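# Structural description and commentary
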Amino acid sequence: MHVLLVKTSSLGDLIHTFPALSDAARELPGIRFDWLVEEGFAEVPAWHPAVDRVIPIALRRWRRGWRKAWRQGDIGRLRRQLREHAYDLVIDAQGLVKSALPARWARGPLVGYDHRSAREGPAALFYRQRHAVSRDQHAIARTRQLFAAALGYPVPVDGPSYGLGFSRVRDSSQRRLVFLHGTTWPSKHWPEPYWAELAHLAAGDGFTVQLPWGDPDDRLRAERIISAAGSGELMPRLSLTELARSLATADGVVGVDSGLAHLAAAVETPAITLYGPTRTELTGALGPRQLNLAASFECAPCMRREC
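Residues numbered from 1 in each chain as written. Predicted model: local features only at pLDDT ≥ 70, side-chain atom pairs only at ≥ 80, totals over all residues. Heavy atoms only, no water.

### A short note on the side chain of Asp 92
Here Asp 92 shows up in strand β4 (residues 89-92). For the buried residue Asp 92, which engages in no salt bridge, the nearest side chain bearing the opposite charge is Lys 7, 7.9 Å off. Asp 92 has contacts with Val 6, Ser 99, Ala 100, Leu 110, Val 111, Gly 112, Tyr 113, Tyr 127 and Leu 146, leaving out every residue within four places of it along the chain. (Helix = DSSP H or I, 4+ residues; strand = E, 2+ residues; numbered from the N terminus. Buried < 20%, exposed > 50% of the residue type's maximum accessible area, 1.4 Å probe, protein only. Lys, Arg positive; Asp, Glu negative; His and termini not counted. Salt bridge = Lys/Arg side-chain N within 4 Å of Asp/Glu carboxyl O. Contact = heavy atoms within 4.5 Å.)

### Observations concerning a nonpolar patch on the surface
Together, Ile 272, Leu 291 and Leu 293 give the surface a local cluster of nonpolar side chains, amounting to about 230 Å² of exposed area. Following the sequence through the fold, Leu 291 ends up in strand β12 (residues 290-294). For Leu 291, a relative accessible area of 43% puts it in the partly exposed group. (Patch = residues over 30% accessible without salt bridge, like charges linked within 9 Å, V, L, I, M, F, W, Y side chains within 5 Å. Areas by Shrake-Rupley, 256 points an atom, 1.4 Å probe, with all protein chains shown as cover.)

### What about the environment of Arg 119?
Summarising the element assignment, Arg 119 is placed in the loop between β5 (110-113) and β6 (129-131). A relative accessible area of 42% places Arg 119 in the partly exposed class. In this structure, the C-alpha to C-alpha distance between Arg 119 and Ser 9, residues 110 residues apart in sequence, is 13 Å. Setting aside its immediate chain neighbours within four residues, Arg 119 contacts Asp 13, Gln 94, Gly 95, Leu 96 and Arg 135. Of note is the side chain of Arg 119, whose polar atom sits 3.4 Å from the side chain of Asp 13. (Polar contact = N/O pair within 3.5 Å; in protein donor to acceptor, adjacent residues only side chain to side chain.)

Encoded structure:
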C-alpha cells in the first residue's frame, strides 16, 4: 500500500505524526509513505523508516510572492511531482486549507478530518472521506486516530512509538545537559535570569551545559545566558538531523514549549519542558522520562502569543 501523507509544518507537528506512522507500519506490514512537507523541514520525514520519498513544498516562501512562484514554474513542478504516482490513499493530517489544496493535486482518494475536527473547518470540503476526531485531546492521539480510521485498523491503546533510530550511546566521560531556550511565541519564553541561574547550578553539579541556536536572536540569547551564568557552551549551528543526534546522546534536556522539546521526547532523552500559555494535555511532550511543568499563573494557559 502506497500512501501520501500531507503534513507540512511545524517541527512539533511533524514529530507528533511519527507515532501514527509507526502504528500503520506495525498494523499494515509493507505500507509505505511519501510525505509532503515544508522545504525547511525536508530532512525530518526521512528519519522514519516507513517514509520512502520526501516531497518539499515552499508555502512559506511562496506567500511572499505567489505570482513569482507561478511564473517561475515552482507550483507547476510541485503539481507534476504529486501526480507522478497513483496513491492508494492521500491523508491530509494538517487539516488546513493550505494543506488540503495541494493534497487535491495528488492522484488518490483524499481523506482528512471532518469539519468539526479540522483546524480549519473549510478544509474538510476538499476530502472524499472525513473522520470525526475530538480536538479536546493530545495532538499525537488525534493523528493516531485519524490514521487508524483512514487505514482501517483499530485505534492502538499502547503509548506512542516515534520509531526513530538515532543512537542513544552517551559519552560516559561527560555529563551533558542541553538547554532548549528558543521558541516561536514570545509568551513561551522563560526569563533569561532563570536560565542563567539554572546553568550555574548545573555547572556546580558537574554538568556541561550546552545551548543550541537557530537564528541570530537565539544566538544572542544563548550568549547572554552563558555570560550571566559564568558557564555553559554555545553549540555550533547544527542542522535538525545533527541536533537530533546531539539530543539523543545528552544526559538530559530542559526546554520550553517548542519543536525541539518534542524532538527530545522523540529521541527518548530525559527532559523537563516548561509550559506557560499552552496546554500540556494538548501538546505536552510525550515519551519515556518526560516531565511537563506548567506555570501556575491564574491566567495560564491563555493560548496567546503575546503576554
